[in-house]
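Given next are the chains, with one letter for each unit.
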Amino acid sequence: MTKFLQTLMDGVAVGSLYALIALGYTMVYGILQFINFAHSDVFVLGAWISYTLAVGLGYAAADAEPSVLAAVGILLAAMAACGAAGFTIERLAYRPLRRAPRLNVLITAIGVSLLLQNVGQLKWFFGTQPQRMPSVLADRVLGSVAGVQVHLVDLIGAGTALALMLVLDRLIFHTRLGRAMRAVSHDTTVAALMGINVDAVISFTFVLGSSLAAAAGFLYAMKYPGLNQPAHATWVLLGLKAFVAAVIGGIGNVRGAMLGGILIGFIELFGAAYLSPHLRDIYVFSILILVLLVRPSGILGRAVAEKV
Amino acid sequence: MIKGLAPLAAGLALAVAMQLSAGPIIGPFAVKLLMDIGINVILAVSLNIVNGFTGQFSIGHAGFMAVGGYVAGCFTYYGSYLIWGAPRVQAGWLSGGDLLFVGGCLAGAAVAGAAGFVVGLPSLRLRGDYLAIVTLGFGEILRVMLQRTGDVVTSAEEVRAASWPTLATSLGGSLGFSGLPYYTDLFWVYVFVAVTLLVALRLKFSSLGRAFLSIRENEIAAEAVGVNTTRLKVRAFVLAAAFAGIAGGLFAHEVGTSLNPRELGFQKSFDIVIMVVLGGMGSVSGAVLAAIVLTLLPEALRGFSEFRMPIYALALILMMILRPQGILGLREVWELPWLRRRRS
């Protein structure tokens, strides 16, 4: 029972991070129909900016006083920085290719991903050494439920992720801007004819997705302080799993991405806890192939008939 | 245009000439580079059959390469133990060792082709990006499974005592399959390059190749005029995977390479995709050109190694924006307009 509850909690914590990253993938796919391979690198950028800020604020010292205010400040700063990065990437790399074949855009995304990874590795940025994220929040044990310890960091992580998702959901389904986003995603040409500024909406989508990825990066660094160097394979794999989450939920569907993220978190951690911890990547990708074969449009996605 | 066995004979003659003259004249480093180029040419040209001709999007090509490499490695390594008692290179060109190695490569190609069939089957239902993700997932599952294999058996007695399934799963795990004999030389690399090029070129200008291209241009229209799209897509997959398997076998037995699961992960797959797109989707000579350029480029940039990868990435992005159809587009080198004009 203890093991089950522990796994359940870890599943929610990890799954909500996957969901945050998956949202960026799914929003971009919904509008531009391409896999933004550089998205996972924006997430890594978020984690490393959080690290740099935390060290800059003096949290690397042993006697540093943990503070909630600083944590919120770092989170917002990282989100702003990555939002700016997302805007720049879209403006410089993707916009010139708006009418190009999708494969070209995909290759460009791989190029941007390589660029971010390798520039991040330069010694003027984050270097090639793994670093340890200093603890900005006090990791207190709040209490224990049925023998499972509830950590403050886990609670704040999952809480922040869920809150951000609620805000996003509200934004997309209950505001003018959100309606514009949905319209562009439905049909770009018609949306433009209705007077929607398509370029602005796409830019906004990238800013939104990138800042959510940055938030995920910050929360990830809080939960797993050992940060790998920016080009490490673990990061790419993490991004891929988040993308798998988006596909399973139904790509292009915002609520599907949230559902898929949590689902992937559960599958991965329950598989690791009850079957074999070494095969966790296999569970995720097997589920992906299974879902694609049985229901190619994902759990919440709608199948779109192709017109001739 | 490319008919008969003459091109194959020419390729063979070239391979023999390279083998006999190259080593002493240009030195081991250049030989190694030439072998790398040859292997990359096989990979790029074979992926071009799926991505360029048929217009499907596979980003798991390194997975097929890994299948071929591991099967071939298993074949020569444990085969050498059973026959000669040690995985040493049996001296002499075209000797028993060489034959074992080529047999291994062909076995690797067969198993990789079978894997291609299994992965190609989902393409019955999936299009575009989804297929890409499935191929990617296949590569990742394969990587994890290879990482879970046992240690390499390192004595003749144990190899003789072990059962076939044990040997087939003793592939070195995440450390990689070490101790493989170095059989790959210029001759075998370029023999297989010649075969690959011949098959790809003959295919492109055949009716089967035209059918592949019709799927790429418009799948629904192709189906409407009677092209069996699903069967052809799977066929393209199997063909490409088999050649990737050969490239994997060559890679496994090359000097200075390490056959480990991480080496042949999605990064390698991306590298091959980049070669195809840079050369021009559907252009065989373009894929060759891009494979040569992209193998040499990192070496040329070695002087400022720190900026090597950023420059490479930047060049890729600029290339996509400024010349989205790749160097050659669908054309071959000899079909370029300025070459044509001169000829007539």
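Residues numbered from 1 in each chain as written. Chains lettered and ligands numbered in written order. Predicted model: local features only at pLDDT ≥ 70, side-chain atom pairs only at ≥ 80, totals over all residues.

From N to C terminus, chain B includes 14 helices and zero strands. If you list the helices and strands of chain B from N to C, you get α-α-α-α-α-α-α-α-α-α-α-α-α-α. Here chain B has a C-alpha radius of gyration of 20 Å; the compact-globule value for 344 residues is 20 Å, and the two agree. Across its three principal directions, the C-alpha atoms of chain B cover 65 × 50 × 50 Å. The burial tally for chain B puts 49% of its 344 residues in the buried class. Of all intrachain contacts in chain B linking residues separated by at least 6 positions in sequence, the fraction that spans at least 24 positions is 81%. (Helix = DSSP H or I, 4+ residues; strand = E, 2+ residues; numbered from the N terminus. Rg over C-alpha atoms; globule rule 2.2 N^0.38 Å. Buried ≥ 20, exposed ≤ 12 C-beta atoms within 10 Å, placed from the backbone. Contact = placed C-beta atoms within 7 Å.)

Time to look at the overall build of chain A. Helix and strand counts for chain A stand at eleven helices and four strands. Oriented by its inertia axes, the alpha-carbon framework of chain A measures out at about 60 × 45 × 35 Å. Counting the 308 residues in chain A, one finds 50% classified as buried. Taking the contacts inside chain A whose residues are at least 6 apart along the sequence as the reference set, 77% of them involve residues at least 24 apart.

Contacts between chain B and chain A engage 29 residues on the former and 31 residues on the latter. Only helix H4 (128–147), helix H11 (266–279) and helix H13 (308–322) of chain B provide two or more residues apiece to the side of chain B that touches chain A. Taken together, the residues that form the side of chain B that touches chain A break down as 21 nonpolar, two polar and six charged. (Nonpolar A, V, L, I, M, F, W, Y, C, P; charged D, E, K, R; others polar.)

The side chains of a regular strand alternate, residue by residue, between the two faces of the sheet. Residue and element names in this part refer to chain A. When strand S2 (residues 141–145) meets strand S3 (residues 148–151), the two strands line up antiparallel, connected through four bridges. For serine 144, the partnering residue across the bridge sits in S3 and is glutamine 149. Hairpin connection between S2 and S3: a loop of two residues separates the two successive antiparallel strands, and alanine 146 in this loop has a positive phi of roughly 50 degrees. (Pairing = 2+ DSSP bridges.)

Phi is positive for A:Gln33, close to 55 degrees, though the residue is something other than glycine. By secondary structure assignment, the location of A:Gln33 is in the loop between helix H1 (2–32) and helix H2 (39–56).

Residue and element names in this part refer to chain A. Turning to its location among the elements, glycine 178 is positioned in helix H6 (residues 176–186). As for glycine 178 and leucine 8, which are separated by 170 residues in sequence, their C-alpha atoms are 33 Å apart. The residues touching glycine 178, leaving out its near neighbours within four places in the chain, are Leu171, Ile172 and Phe173.

For chain B, the mean per-residue pLDDT works out to 84, and 93% of the residues sit at or above 70. Across chain B, the secondary-structure element scoring lowest on mean pLDDT is helix H14 (residues 337–343) of chain B, at 62, and the one scoring highest is helix H10 (residues 229–252) of chain B, at 92. (pLDDT = per-residue confidence, 0-100.)

What follows concerns the nonpolar core. Counting residues in hydrophobic clusters, the biggest one holds 213 residues, and the most contacted among them are A:Ala19, A:Leu20, A:Ala22 and B:Ala44. In contact with A:Leu20, other than residues within four places in its own chain, are A:Ala161, A:Leu164, A:Leu212, A:Ala213, A:Ala215 and A:Ala216. (Core = buried A, V, L, I, M, F, W, Y, C linked by C-beta atoms within 7 Å.)

Residue and element names in this part refer to chain A. Across its 17 residues, helix H9 (residues 233–249) extends 25 Å between first and last C-alpha, which sits within 8% of the 24 Å expected from 1.5 Å per residue. Burial within H9 is extensive, with 14 of its 17 residues counted as buried. Backbone geometry just after H9 places glycine 250 at a positive phi near 110 degrees. (Expected span 1.5 Å × (residues − 1).)

Okay, the environment of A:Ser50 next. Residue and element names in this part refer to chain A. When you line up the elements, serine 50 lands in helix H2. Along the sequence, serine 50 and aspartate 169 sit 119 residues apart, while their C-alpha atoms lie 25 Å from each other. Ignoring anything within four residues of it in the chain, the contact list for serine 50 reads Ile74, Ala78, Gly217, Phe218 and Ala221.

With that settled, consider the environment of B:Asp185. Tracing the backbone shows B:Asp185 in the loop between helix H6 (164–168) and helix H7 (186–204). Taking the C-alpha atoms as reference, B:Asp185 lies 24 Å from B:Arg262; in sequence the two are 77 residues apart.

Right, let's get into the packing of H1(A) against helix H10 (residues 254–274) of chain A. All names here are of chain A. Contact geometry for H1 and H10: axes closest at 6 Å, N-to-C directions at 140 degrees. Between H1 and H10 lies a crossing of right-handed hand. Residue classes in the contact of H1 with H10 are distributed as 16 nonpolar, nine polar and three charged. (Axes fitted to C-alpha atoms, helices over the stretch in contact; angles between N-to-C directions. Left-handed = near helix turned anticlockwise from the far one by under 90°.)

Here the focus is the packing of H1(A) against helix H5 (residues 152–174) of chain A. Residue and element names in this part refer to chain A. Running from amino to carboxyl end, H1 crosses H5 at an angle of 35 degrees, the nearest separation of the two axes being 9 Å. As H1 runs across H5, the sense of the crossing is left-handed. Between H1, through Met9, Val12, Ala13, Ser16, Leu17, Ala19, Leu20 and Leu23, and H5, the contact on the second element is made entirely by Asp154, Gly157, Ala158, Ala161, Leu162, Leu164, Met165 and Leu168. Of the residues in the contact of H1 with H5, the class split is 13 nonpolar, two polar and one charged.

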